[in-house]
Amino acid sequence: MGALRLILGDQLSHNISSLQDCALDHDVVLICEVRAEATYVKHHKKKIAFAFSAMRHFADELGQQGYRVDYVKLGDADNTGSFKGEVERAVERHNPDIIIVTFPGEYRVLEDIQSWRKAFDVEVEIRPDDRFLCTPEEFRAWADGRKQLRMEFFYRDMRRKHDILMREGEPEGGKWNYDVENRKPPKTGLELPRTYKAKVDPVTREVLELVAEQFCDHFGDLEPFHFAVTRAQALYALGKFVGERLARFGDYQDAMVEGEPWMYHSHLSFYLNCGLLDPLEIVRKTEQAYYDGLAPLNAVEGFIRQIIGWREYVRGIYWLKMPQYANENFLKAKRKLPRLFWSGETHMNCLRQCVKETRENAYAHHIQRLMVLGNFALLAGVDPKQVNEWYLIVYADAYEWVEMPNVTGMILFADGGVVGSKPYAAGGNYINKMSNYCEHCFYSVSKKNGPDACPFNYLYWDFLIRNKDKLRSNPRLSLVYASVSKMSKDETRTTQEDARRFIEALDKT
Ligand code: FAD
Ligand code: DLZ
Ligand code: SF4
């Protein structure tokens, strides 16, 4: 036989490097559902259903194109439950000369793949994942010798290199970044278009039944299920975003509205990260929308920056810093993850809404992840490993390469300032300005202390006081630390007592 070509669940792209030069008559494409991938952390039910359904649809499409596909279902007799076990069985079935696989998205999977040559006595070729705009090697070269790895400078290089939103060597409109225009608080009466909702077909129905039966103790609502599970559906969702939401993406990028989980975001991360959509095709389509006058520059530049800037940058950081990155804990945070992250049971309305929507949709938009859930985990001093595990479990777009730098770096400052130049800590005012959550909250956002004060307020100052030795020399925090030093002894004591009372109650839940 020829090659065994393994496709992982986040490699569902027809142009994936592991399929290039495939000999349809002798090579075999292996795709396998394995229990270990669904349970090494106990993924949200919707995430598992999405992965399995998209994998089954992709395998069907490959079969229709003439590939010889060996698809292993979770319930197949003899399924060993792991990639290694399934590759071993496939080697026995097909006796390949070589195993070909595209570079995976997680370090643990890379280590596993690197053990196969010796274990099975078969050559293993790991091909670059050319669906990204920047390779780990290019990122390393960019990072080499720099004191600070700021996303903004990386992003400008990506714009130049791929000639995106450029005019005669200069950024379109004269500025690289239009973020100052992208912080509008929500107005009342915003007309939000409905997010794309795919119909459940028989393949997805079978998967939903399997997940309901096999993973019933996992977090999250399985139904209603409406993710796109094919490339055609994902392309439709992209068209709908560009036509209906992109124009207002910039203005309301940071806004949060109770009962509106989707806002003007794209909801494309699921499809992008599993391979149904390609980053550059999304970028070119949105860029064209700007040139066609369908969306303003602040929206299009802001959106494109997320994809060629943040998305590529966090992947670069992940591969640059792993495996040590998984153990970073600059602030020595050690609290266990509060139960409310699972139950949503809290009087804090912002957290309650964000956990509820996460449970229902396996999705929350960026500001909910960053400034509500993430800000709370930071201020409460939760152990980075537990926070990472939670984010990896609950979001259908989460794979370690993208989840970990956002959690360890962006929200927890656990890397000591690699991703962010200062912690994204904030009191209740930020949430009050950018959302309507505080209107329906038990706590009062304008109160700094006392049993009915917004907990974000005293937790914020307590966080600064607690971490003074680690943070006060940070030039970007000099103004806040000037305020800390002006606090009277009484104010400091009351703040610390409020924080202690709140945290003790939290620890008991
Ligand atoms: P939009 O707001 O429409 O943005 C467009 C696209 O930009 C996204 O689809 C995504 O591909 C990309 N993007 C935007 N911000 C980021 C970012 N910070 N890092 C990487 N890509 C970005 N994104 C994931 O894809 N997977 C994760 O596991 C993940 N975990 C996160 C954890 C935390 C704590 C935070 C703060 C952010 C995380 N993000 C993650 C980034 C971001 O929140 C999601 O990409 C976004 O919410 C997905 O929704 P959307 O497609 O509607 O995004
Ligand atoms: C997320 C996921 C799940 C739940 N199940 C599988 C699976 O059974 N088989 C598979 O190939 N991939 C799955 N995935 C996606 C993988 O976890 C992902 O491909 C690796 O973590 C590498 O990023
Ligand atoms: Fe959240 Fe505080 Fe506002 Fe309540 S008052 S919703 S806890 S920010």
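Now for a look at the structure at hand. What you see as residue numbers is a count from 1 along each chain, following the sequence as written. Note on labels: chains are lettered from A, ligands numbered from 1, in written order. Where local features are concerned, this predicted model is filtered to residues with pLDDT of at least 70; where side-chain atom pairs are given and counted, the filter is 80 or more; whole-chain, interface and lining totals use all residues. With hydrogens and water stripped out, all remaining heavy atoms of the structure feed into the side-chain values.

**Overview of the pairing of strand 4 (residues 98-102)**
The criterion, for reference: For every residue, the accessible area (1.4 Å probe, protein chains only) is compared with the maximum for its type, and the residue is labelled buried under 20%, exposed over 50%, or partly exposed between those bounds. Helix and strand assignments come from DSSP, with helices taken as H or I runs of at least 4 residues and strands as E runs of at least 2, each series counted from the N terminus. Strand pairing is defined by DSSP finding a minimum of two bridges between the two strands.
Within strand 4, five of the five residues are buried, which leaves the element mostly enclosed by the surrounding structure. The alternating pattern of strand 4 places Ile98, Ile100 and Thr102 and Ile99 and Val101 on opposite faces, both of which are buried. Inspection of the sheet shows strand 1 (residues 3-6) paired to strand 4 by four bridges, in the parallel sense. Considered in strand 4, the bridge of alanine 3 is made with isoleucine 98. Alignment of strand 4 against strand 5 (residues 123-127), held across five bridges, turns out to be parallel. Note that in strand 5 the partner of threonine 102 across the bridge is arginine 127.

**Focus: the packing of aromatic side chains**
This is how it is decided: Ring pairs are drawn from Phe, Tyr and Trp, using the six-membered ring of Trp, whenever the two centres fall within 6.5 Å, and their geometry is named by plane angle: stacked under 30 degrees, edge-to-face over 60, tilted for the rest.
Tallied over the full model, the rule gives 38 aromatic pairs. Between tyrosine 107 and tryptophan 319, the ring centres sit 6.3 Å apart and the planes meet at 40°, which makes this aromatic pair tilted. With tyrosine 107 in helix 4 (residues 107-114) and tryptophan 319 in helix 13 (residues 297-321), the pair connects residues that are 212 residues apart, well separated along the chain. Through successive ring pairs, a cluster of aromatic residues spans Phe219, Phe341, Trp342, Phe376, Trp390, Tyr391, Tyr395, Phe456, Tyr458 and Phe502.

**Quick word on the site of ligand 1**
Stated precisely, the cut-off is as follows: Being near a molecule or strand, for a residue, comes down to having at least one heavy atom within 4 Å of it. Any N or O atom pair separated by 3.5 Å or less is treated as a polar contact, with the protein-specific requirement of one donor-capable and one acceptor-capable atom, and with residues adjacent in sequence counted only for side-chain atom pairs. Working definition of accessibility: Shrake-Rupley area with a 1.4 Å probe, residue cover restricted to the visible protein chains. Side-chain classes follow a simple rule in which Ala, Val, Leu, Ile, Met, Phe, Trp, Tyr, Cys and Pro form the nonpolar group, Asp, Glu, Lys and Arg form the charged group, and the remainder, Gly included, forms the polar group.
The environment of ligand 1 is made up of 29 residues, and the closest members are His265, Ser266, His267, Asn273 and Tyr363. Histidine 265 places a side-chain nitrogen or oxygen 2.7 Å from an oxygen atom of ligand 1. Coverage of ligand 1 by the protein chains reaches 99% of its 810 Å² of free accessible surface. Of all the secondary structure elements, the ones that give two or more residues to the shell around ligand 1 are helix 11 (269-274), helix 13, helix 16 (366-380) and helix 18 (400-411). Grouping the amino acids of the shell around ligand 1 by side-chain chemistry returns 16 nonpolar, nine polar and four charged.

**Observations concerning helix 12 (residues 279-291)**
So the rule is basically this: Multiplying one less than the number of residues by 1.5 Å gives the expected span of a helix. What the arc measures is the spread of directions leading from the helix axis to the C-beta atoms. The contact criterion used throughout is that any non-hydrogen atoms of two residues lie within 4.5 Å.
Taking 1.5 Å per residue, 13 residues should reach 18 Å; helix 12 reaches 19 Å between its end C-alpha atoms and fits that length. Within helix 12, the full set of buried residues consists of Pro279, Ile282, Val283, Thr286, Glu287 and Ala289. Projection of helix 12 onto a plane perpendicular to its axis shows the buried side chains occupying an angular sector of 150°, all on one side. Among the structural elements, helix 9 (231-244), helix 10 (246-249), helix 11 and helix 13 are those in contact with the buried residues of helix 12. One side-chain oxygen at the N-terminal end of helix 12 lies 3.2 Å from the backbone nitrogen of leucine 280; it belongs to aspartate 278. Just beyond helix 12, the residue with positive phi is glycine 293, at close to 75°.

**Some details on the state of the cysteines**
Heads up, the condition is: Note on disulfides: each one is a pair of cysteine sulfur atoms within 2.5 Å.
The full count for this structure, using the stated rule, is zero disulfides. The cysteine cysteine 32 is free of any disulfide, with cysteine 274 supplying the nearest cysteine sulfur at 16 Å.

**Focus: the site of ligand 2**
The environment of ligand 2 is made up of 16 residues, and the closest members are Gly9, Asp10, Cys32, Val34 and Glu37. A distance of 3.4 Å separates an oxygen atom of ligand 2 from a polar backbone atom of glycine 105. With respect to ligand 2, the side chain of arginine 108 contributes an N or O atom lying 3.2 Å from an oxygen atom. Within the complex, the protein chains bury 99% of what would otherwise be the 480 Å² of accessible surface of ligand 2. Elements with a minimum of two residues in the shell around ligand 2: helix 1 (35-39), helix 2 (45-64) and helix 4. Here the shell around ligand 2 takes three residues from helix 2, the largest share from any one element. By residue class, the composition of the shell around ligand 2 is nine nonpolar, two polar and five charged.

**Brief notes about the pattern of salt bridges**
In plain terms, the rule: Think of a salt bridge as a Lys or Arg side-chain nitrogen and an Asp or Glu carboxyl oxygen that are within 4 Å of each other.
Scanning all chains against the criterion turns up 34 salt bridges. Between arginine 5 and aspartate 27 there is a salt bridge whose closest N-O contact spans 2.9 Å. Residue arginine 5 is found in strand 1, and its partner aspartate 27 is found in the loop between strand 1 and strand 2 (28-32); the two are separated by 22 residues along the sequence. By the burial criterion, arginine 5 is buried, and aspartate 27 matches it. Of the charged contacts in the structure, one is a salt bridge between glutamate 244 and lysine 240, with a shortest N-O distance of 3.0 Å. Here the residue glutamate 244 and the residue lysine 240 both occupy positions in helix 9, the gap between them amounting to four residues, near one helical turn. When its relative accessible area of 22% is taken as the criterion, lysine 240 is described as partly exposed. One continuous salt-bridge network, built from bridges that share partners, spans Arg5, Asp21, Asp27, Glu125 and Arg127.

**A short note on the sheet that holds strand 3 (residues 69-72)**
Put simply, the rule is: Helix axes are fitted only over the stretch in contact, all axes being lines through C-alpha atoms; the angle between N-to-C directions runs from 0 to 180 degrees.
Taken together, five strands build an open sheet; the order of strands is 3-2-1-4-5 and the sheet is parallel. Looking along the sheet, the strands with just one partner apiece sit at the ends: strand 3 and strand 5. Along the sheet, successive strands turn relative to each other by an average axial angle of 25°, direction set aside. Relative to strand 3, strand 2 runs parallel, the two being bridged by four bridges.

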